Amino acid sequence: MKTVMLLCGLLCDEVVWQSQADALRRDYDVRIMKFAEQDSLQAMAEHVLRHAPERFALAGHSMGGRVALEVLRRAAPRVERLALLDTGFEPVAEGEAGRRAVLLNQALEQGIEAIATVWGLPMLAPQHREEVALVQAVRDMVGRMSGAIYQAQTRALLARPDATSVLKGIACPTLILCGMDDGWSPPERHRRMAELAPRAMLRLVPACGHMSMMEQPAAVLGALREWLALPE
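Here the structure is a predicted model, which is why all the values come from computation and not from measurement.

Rules used in this analysis
Residues numbered from 1 in each chain as written. Predicted model: local features only at pLDDT ≥ 70, side-chain atom pairs only at ≥ 80, totals over all residues. Heavy atoms only, no water. Salt bridge = Lys/Arg side-chain N within 4 Å of Asp/Glu carboxyl O. Helix = DSSP H or I, 4+ residues; strand = E, 2+ residues; numbered from the N terminus. Contact = heavy atoms within 4.5 Å. Pairing = 2+ DSSP bridges. Axes fitted to C-alpha atoms, helices over the stretch in contact; angles between N-to-C directions. Buried < 20%, exposed > 50% of the residue type's maximum accessible area, 1.4 Å probe, protein only. Lys, Arg positive; Asp, Glu negative; His and termini not counted. Polar contact = N/O pair within 3.5 Å; in protein donor to acceptor, adjacent residues only side chain to side chain. Parallel < 35°, antiparallel > 145°, perpendicular 65-115°, else oblique. Right-handed = clockwise from strand over helix to strand, strands pointing away.

Q: Account for the pattern of salt bridges, with residues named and values stated.
A: Applying the stated criterion across every chain yields a total of 17 salt bridges. One salt bridge connects Asp 27 with Arg 225, and the closest N-O pair in it is separated by 3.4 Å. In this pair, Asp 27 sits in the loop between helix H1 (18-24) and strand E2 (29-33) while Arg 225 sits in helix H11 (residues 217-229), placing the two residues 198 residues apart along the sequence. With a closest N to O distance of 2.8 Å, Arg 100 and Glu 96 form a salt bridge.

Q: A description of the environment of Val 67 should follow, citing residues and the corresponding values.
A: Assignment of secondary structure puts Val 67 in helix H3 (residues 63-75). Not counting residues up to four positions away in its chain, the partners in contact with Val 67 are Leu 7, Phe 35, Leu 41, Met 44, Ala 45 and Val 48.

Q: An account of the sheet that holds E2 is requested, with residue identities and associated values reported.
A: The strand order across the open sheet built from 6 strands is E2-E1-E3-E4-E5-E6, with neighbouring strands paired in parallel fashion. A single partner strand is all that each edge strand has here, and the edge strands are E2 and strand E6 (200-205). Strand after strand, the sheet turns through a mean of 15° between neighbouring axes, direction not considered. Sheet analysis places strand E1 (residues 3-7) next to E2, joined by 5 bridges and oriented parallel. Bridge pairing in E2 places Met 5 opposite Arg 31. Contacting strand E4 (79-85), strand E5 (174-179) and E6, helix H9 (residues 187-196) crosses the sheet at an angle of about 170° to E5.

Q: Just give me the short version of the environment of Met 63, but keep the residues and values in it.
A: The topology assignment puts Met 63 in helix H3. As for Met 63 and Leu 84, which are separated by 21 residues in sequence, their C-alpha atoms are 9.9 Å apart. Not counting residues up to four positions away in its chain, the partners in contact with Met 63 are Cys 8, Gly 9, Leu 10, Phe 35, Leu 41, Met 44, Gln 153 and Leu 157.

Q: Describe the side chain of Arg 66, naming the residues involved and giving the relevant values.
A: Considering the arrangement of structural elements, one finds Arg 66 in helix H3. Buried within the structure, Arg 66 lacks any salt-bridge partner; its nearest side chain of opposite charge belongs to Glu 90, at an N-O separation of 4.2 Å. A distance of 3.1 Å separates the side chain of Arg 66 from the backbone oxygen of Glu 90, its partner in a polar contact. With residues up to four places along the chain from it excluded, the contact list for Arg 66 reads Leu 41, Thr 87, Gly 88, Phe 89, Glu 90, Leu 157, Arg 160 and Arg 189.

Q: I'd like to hear about unusual backbone geometry, residue by residue, with values.
A: One non-glycine residue, Leu 11, lies in the positive phi region at around 60°. Looking at where Leu 11 falls in the secondary structure, it is placed in the loop between E1 and H1. For Ser 62, which is not glycine, the phi torsion reads 55° and is therefore positive. Tracing the sequence through the fold places Ser 62 in the loop between strand E3 (56-61) and H3.

Q: Any details on the packing of helix H4 (residues 96-110) against helix H7 (residues 147-158)? Residues and values, ideally.
A: Taken N-terminus to C-terminus, the directions of H4 and H7 make an angle of 170°; their axes are 9 Å apart at the nearest point. In terms of orientation, H4 lies roughly antiparallel with respect to H7. Residue-level inspection shows Glu 96, Ala 97, Arg 100, Leu 103, Leu 104, Ala 107 and Leu 108 of H4 in contact with H7, the latter providing Gly 147, Ala 148, Tyr 150, Gln 151, Thr 154, Leu 157 and Leu 158.

Q: Could you give an account of the pairing of E3, with specific residues and numbers?
A: Taking burial as the measure, the 6 residues of E3 include 6 buried ones, the bulk of the element. A two-sided burial pattern is seen for E3, the buried positions comprising Phe 56, Leu 58 and Gly 60 on one face and Ala 57, Ala 59 and His 61 on the other. Where E1 and E3 come together, 4 bridges link them in parallel fashion. Opposite Leu 6, over in E3, you have Ala 59 as the bridge partner. With 6 bridges joining them, E3 and E4 adopt parallel strand pairing. Of the residues in E4, the one forming a bridge with Gly 60 is Leu 84. In this view, the connection linking E3 to its parallel neighbour E4 by way of H3 has right-handed handedness.

Structure follows, in structure tokens:
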């Protein structure tokens with residue numbers, strides 16, 4: 001049975017992929033990876049490789065997409081196909097460290113719950129910010145993290161390398177997916193990624209923000225099934 005590795009993003013755990021994982025497990029060995037102990041993308045990538053079989057399909061969301069690119073940088077022949085969801089490839093932007101520090105300091109001083117709404121709500125498309133169950137699921141997920149985890153993940157993101165060359169060298173079928181209302185990792189960035197990756201298919205999901213798998217689970221599942229069916 002083919003293995004599909006699903007990588008979680010910043011302040012996310014298994015819940016973010018749950019809908020797709022439950023459906024895909026009928027046909028695939030699905031393994032969800034979260035990153036609560038590592039403080040670099042390199043360590044996160046090694047964590048994935050230690051828990052993956054020799055060959056596997058790899059999908060990463062947000063920070064998990066950057067981890068997926070680091071996995072590819074280290075072990076491209078092991079990756080049968082790649083999916084990058086609501087993520088990026090560029091190095092740290094000017095002023096980014098300061099913007100991240102505001103939320104991080106609040107989480108360290110007041111507890112992670114202090115940023116659950118402040119950080120989580122803007123991740124959702126505007127039309128989803130009044131959906132009580134969805135908002136609560138995001139709040140609960142952030143609440144299961146800690147200031148220390150947030151600090152480690154932020155450190156990893158602020159030390160990230162430029163992954164342009166990795167994208168250009170991808171040899172496997174690649175899905176690039178983004179919510180049309182993703183203000184954190186916008187569609188235009190994903191269009192550029194699709195132009196760089198030689199075998200990319202681009203899917204932009206309407207009425208969807210950064211938490212695409214939770215906001216539009218059926219659409220994301222459909223794109224993943226299409227990607228998994230592509231010939232190698």
